[in-house]
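# An overview of the molecular structure
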Amino acid sequence: MDTLSYKTVSANKATVDKNWVIVDASQKSLGRLSSEVAKLIRGKHKPGYTPNVDCGDNVIVINADNVKLTGKKWDDRVYLRYTGYPGGQRETTPRQLKAKSSRLLVERAVRGMLPKTRLGRALFNNLYVYEGAEHLHEAQKPQEVKLSIS
């Protein structure tokens, strides 16, 4: 028996196959959409997934304006941040974030589902969110990905 035929192949920066994909966020639940996008960015859908390498795809999310939240989450959910000063805890709701830009809402949800490491910060740069249906990445010839979520 040849033991070399059972060798595990790990991807590295030179051998990884990165693609460009488009995800339409119209009428998709924010959390379900974000988890699927995080899987695409991380590369967990590929057979050659390696946890310590950026082997995921570049993901373009369009129609971020039409993302939905169920129930009373638009007003009841609270995002906290801290400025670093005494009494500096600030809170915002998804409705306030969407009033600024719905890009922020999707980016925050996806960032929370990526690793909190150096690799996670690098993976986040592979996400491009647009409020409308137009995007700036036609030259990359992105492929449309249909998500099986509602």
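Computed from a predicted structure; not experimentally measured.

### Quick look at the pattern of salt bridges
A complete count under the given rule lists five salt bridges for this structure. A salt bridge links Asp-54 to Lys-18; the shortest N-O distance between them is 3.0 Å. Separated by 36 residues along the polypeptide, Asp-54 in the loop between helix H1 (30–42) and strand E2 (58–62) and Lys-18 in the segment before strand E1 (20–24) bring together distant segments of the chain. For Lys-18, a relative accessible area of 30% gives the class partly exposed. Residues Asp-57 and Lys-46 are paired through a salt bridge, measuring 2.8 Å at the closest nitrogen-oxygen approach. Of this pair, Asp-57 sits in the loop between H1 and E2 while Lys-46 sits in the loop between H1 and E2, and the two are 11 residues apart along the sequence.

### A word on the nonpolar core
Core analysis: the largest hydrophobic core is formed by 29 residues, its most contacted members being Leu-30, Leu-33, Val-37, Ile-41, Val-59, Val-61 and Leu-127. At the level of secondary structure, the elements contributing two or more residues to this core comprise E1, H1, E2, helix H4 (102–111), helix H5 (118–124) and strand E5 (127–129). Considering every element that reaches this core, the biggest residue donor is H1, with six residues. Sequence-distant contacts of Val-59, defined by excluding residues within four places in its chain, comprise Val-21, Val-23, Val-37, Leu-40, Ile-41, Asn-126, Leu-127 and Tyr-128. Core analysis: the second largest hydrophobic core is formed by five residues, Trp-20, Ile-60, Ile-62 and Tyr-130 among them.

### Quick look at the layout of surface pockets
Each pocket or cavity is described by its volume, and for the largest pocket that value is around 190 Å³. Taken together, Tyr-79, Arg-81, Thr-92, Leu-97, Lys-100, Leu-104, Glu-107, Arg-108 and Arg-111 make up the lining of the largest pocket. If you list the elements that add at least two residues to the lining of the largest pocket, you get strand E3 (79–82), helix H3 (94–100) and H4. Looking at the lining of the largest pocket element by element, the count peaks at four residues for H4.

### Details of the environment of Leu-119
For Leu-119, the position within the fold is in helix H5. Setting aside anything within four residues of it in sequence, one finds Leu-119 in contact with Pro-51, Asn-52, Val-53 and Asp-54.

### Observations concerning the packing of H1 against H4
One can describe the packing of H1 onto H4 by two numbers: an axis separation of 8 Å at closest approach and a directional angle of 60°. Between H1 and H4, the angle falls in the class oblique. Crossing of H1 over H4 shows right-handed handedness. Only Leu-105, Val-106, Ala-109 and Val-110 of H4 make contact with H1, whose side of the interface consists of Leu-30, Ser-34, Val-37 and Ile-41. For the contact of H1 with H4, the per-class residue count stands at seven nonpolar, one polar and no charged.

### Quick notes on the side chain of Thr-50
When you line up the elements, Thr-50 lands in the loop between H1 and E2. Among the polar contacts made by the side chain of Thr-50, one reaches the main-chain amide nitrogen of Ala-11 at a distance of 3.0 Å. Setting aside anything within four residues of it in sequence, one finds Thr-50 in contact with Ser-10, Ala-11 and Cys-55.

### Side note on the sheet that holds E5
In space, the four strands of this open sheet follow the order E5-E2-E1-E6, with parallel pairing throughout. In this open sheet, the two strands that pair with only one neighbour each are E5 and strand E6 (143–145). The average angle at which neighbouring strand axes cross in this sheet is 25°, direction not considered. Note that E2 and E5 share three bridges and pair parallel. When the sheet's bridge partners are listed, Ile-60 is paired in E5 with Tyr-128. Taken strand by strand, H4 contacts E2 and E5, and its axis lies near 155° from that of E5.

Definitions and cut-offs
- Residues numbered from 1 in each chain as written.
- Predicted model: local features only at pLDDT ≥ 70, side-chain atom pairs only at ≥ 80, totals over all residues.
- Heavy atoms only, no water.
- Salt bridge = Lys/Arg side-chain N within 4 Å of Asp/Glu carboxyl O.
- Helix = DSSP H or I, 4+ residues; strand = E, 2+ residues; numbered from the N terminus.
- Buried < 20%, exposed > 50% of the residue type's maximum accessible area, 1.4 Å probe, protein only.
- Core = buried A, V, L, I, M, F, W, Y, C linked by side-chain atoms within 4.5 Å.
- Contact = heavy atoms within 4.5 Å.
- 1 Å grid on protein atoms, 1.4 Å probe; cavity = no way out; pocket = protein on both sides within 12 Å on 5 of 7 lines; lining within 4 Å.
- Points joined across faces, edges and corners; volume = space filled by probe spheres on them.
- Axes fitted to C-alpha atoms, helices over the stretch in contact; angles between N-to-C directions.
- Parallel < 35°, antiparallel > 145°, perpendicular 65-115°, else oblique.
- Left-handed = near helix turned anticlockwise from the far one by under 90°.
- Nonpolar A, V, L, I, M, F, W, Y, C, P; charged D, E, K, R; others polar.
- Polar contact = N/O pair within 3.5 Å; in protein donor to acceptor, adjacent residues only side chain to side chain.
- Pairing = 2+ DSSP bridges.

All quantities given are derived from atomic positions and should not be read as evidence of function.
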